[in-house]
Structures are given as C-alpha cells and as structure tokens.
Amino acid sequence: MELKQQFKLTQWLLLLGLLSFARIEAATPEFDAEHAFQYLVRQCEFGPRNPGSNGHENAKKYLISELKRYSKEVVTQEFEYTDKQKSLKLTNIMARFGKKDGEKILLAAHWDTRPFAEHDPNPEKRNTPIIGANDGASGVAVLLEIARTLKSKPPENEIFIVFFDGEDYGKHTSEMFLGSRYFAGNMERWKPDYGILLDMVGDKELDLPIEQFSLRAAPELTQRVWQTAKDLGLDAFHPQLGPAIMDDHVSLIEAGVPCIDIIDFDYPYWHTTEDTPDKCSAESLGTLGKLILALIY
Ligand SMILES: [Zn+2]
C-alpha cells in the first residue's frame, strides 16, 4: 500500500518535472552564433589589446558602448598596476541584467590579450603582442551575444557580465589575473552566488574536459554544467577530468565564490601570433552560447 502510493507520487513528480522541462525548453531563446563570431572578429580588428596599447584603449571604448546598448547598468572598475618599469591603467568592464532579488550569476571572460607571443615557433616573433582571437576575444564574443539576448528577453535571475583586464599581462602568475584579483577584492554588490568563466572557447576543434580547480571548488555547478551540455547534445563537452589551470576563476574561488572555468587548453596556437580568427568558428561560440542560455533560462 505504502509502496504503491509512493510510486504514484513519483509518477506525478516525474510528470511535473517533464512539464517544467518542456516549459524551460520553450522559454530558452536562440543564440545567434554568427553574430557572436562577428564580435570576435570585431575585437581582433582593434589589433593586439594588451594593456597600454592603442588596441586596448579602442577595444575598451567599444566594449563599454556595446554593453550599454544592452544593459542600463554598465560600470567600470579602474585601477593601476605598477610593475618594475611602468604603471599601467587597467579596467574591468561590468554590466548587470535581470531581477535584483534573483539568483546572482557571474559570467566572465578576460578582454585583454598577451603582450608577447612566447610560444611562437618563430623566435623573432616571441616579443610580438598577440591578436588573441581565441585567447581573449572568444569568451568576450560569447558574452556580448549573451548580453544582446538578455536585453531581448530579460531573465528571472540576476546576471553580471564582467570582462576582466590584465589576465594575460605578465611572465609569471604574480603578474597575471590582475583584473579578476581586483574584482574579487572589491565585489560589494557585484558579489555573485556563483560564477562561470569562459576562456579559449573559440577553437574550431573545441574540446572541453572538466578543469580541476573548478571541480574541487564547485562540484555541483560543474556537474550541472556538464550534465546540461550532455542533455543539449553538445559533444564538445567531455565529462573527463582535464588539467588544473590557473586562470581568473581562481581569484574568485579564493574570495569564497564557487566558480568554474570552461576552457579548451588544447590549442596549438596558444600564445603565438597565429591565434587569429581563422582558427576559430561560429559553431564553437554557439556551443557555449546554447549552454549559457540553457543555464540562465
Ligand atoms: Zn593567455
């Protein structure tokens, strides 16, 4: 008797679950991958975007004005970083979307690019700044397109899109992740419940295993993301454990925010002058876009 009732209850719950799943499916907007790819190309057209360069200054203005088209609340965090020789002006760019009482989700990517191509096959190019189509522009491109979608269909939760500066600046980790470290120390009302970082997500041959610091710091979120990818049939996501990668998510984890890094570290053009748009694809950006929209809606 008791068992039977439980069975019926389970059936009802299953039915309710299916209905709400169907509702969520129908409510999730489309992600325009081609438009996202245009955002990748546009950033690369500014040239290298390492701190102190013209490309950096011009890209900053562009990203701020683009976000302002989609969000009423766009702010910057400006700060200085002084290394042995010079003082650099760095800027985190932040935009808010959705309802203030909802779950707070941070979506982040770094917008700066590496000042030198230390892994270039040609030794003469190893001091040349990179274009950073994948390492820089790809994550930002996905999030700009997400911003555009959030404007057309406001979410029930509160979404913070943050572009970190100074991720790829220095030779050593002490001179990297500058923007995310600054953000993590000055979050105030921008402190999210959890965060998702996108880095190097544009590779034509996209391959996304689970990054190790992410799994350790946010096992439930990691599980949810890779399970959602599986449900959506996004084959680039593999539920296997990949490498442990120091990246902007570590700054947030250290500040007590569960944060994961979705990153394809298997990229032959990493930190070379060959990290250009032709190595990336709209389809790969679309994979991330679909995933993020499914998580939000
Ligand atoms: Zn890099």
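You'll find the structure just up there.
A short tour of the structure in this document, coming up. Along each chain, the written sequence defines residue order, and numbers are assigned to residues from 1. Local features are withheld for residues below a pLDDT of 70 in this predicted model, meaning they are given only at 70 or higher, and side-chain atom pairs are given and counted only at 80 or more; totals for whole chains, interfaces and linings count all residues.

### Observations regarding the nonpolar core
As a rule of thumb, nonpolar side chains are buried together in soluble globular proteins. Just so we agree on the cut-off: Remark: nonpolar core denotes a set of buried Ala, Val, Leu, Ile, Met, Phe, Trp, Tyr and Cys residues whose joining runs through C-beta atoms within 7 Å. Whether a residue is buried, exposed or partly exposed is read from the other C-beta atoms within 10 Å of its own C-beta, which are placed from the backbone; 20 or more gives buried, 12 or fewer gives exposed, and intermediate counts give partly exposed. Numbering goes from the N terminus for both helices and strands, where a helix is a DSSP run of H or I of at least four residues and a strand is a run of E of at least two. By definition, residue pairs are in contact when their C-beta atoms, positioned from the backbone, come within 7 Å.
Of all hydrophobic cores here, the largest spans 80 residues; its most connected members are Leu40, Leu107, Ala141 and Leu143. Top element by residues in this core is helix H4 (residues 133–152). It accounts for 10 residues. Beyond its immediate chain neighbours, meaning those up to four positions away, Leu107 contacts Leu143, Ile146, Ile159, Ile161, Ile196 and Ile292.

### Quick word on the pairing of strand E3 (residues 104–110)
Counted only if it meets this: Whether a crossover is right-handed comes down to one check: with the strands pointing away from the viewer, does the path from the first strand over the helix to the second run clockwise; if it does, it is right-handed. Only strands that DSSP links by at least two bridges are regarded as paired with each other.
Counting buried residues along E3, 7 of its 7 residues qualify, which places the element largely inside the surrounding structure. Neither face of E3 is open: one carries Lys104, Leu106, Ala108 and His110, the other Ile105, Leu107 and Ala109, and all of them are buried. After leaving E3, the chain enters H4 and then returns to the sheet as strand E4 (residues 158–164), a path that is right-handed. Pairing between E3 and strand E5 (residues 194–199): 4 bridges, direction parallel. Looking at the pairing, Ala108 lines up with Leu197 of E5.

### Notes on the environment of Ala108
Topologically, Ala108 is positioned in strand E3. Sequence separation of Ala108 and Gly195 is 87 residues, and the distance between their C-alpha atoms is 7.5 Å. Once you skip the residues sitting within four places of it in the chain, Ala108 turns out to touch Val162, Phe164, Gly195, Leu197 and Asp248.

Any functional reading would require information beyond the geometric quantities listed.
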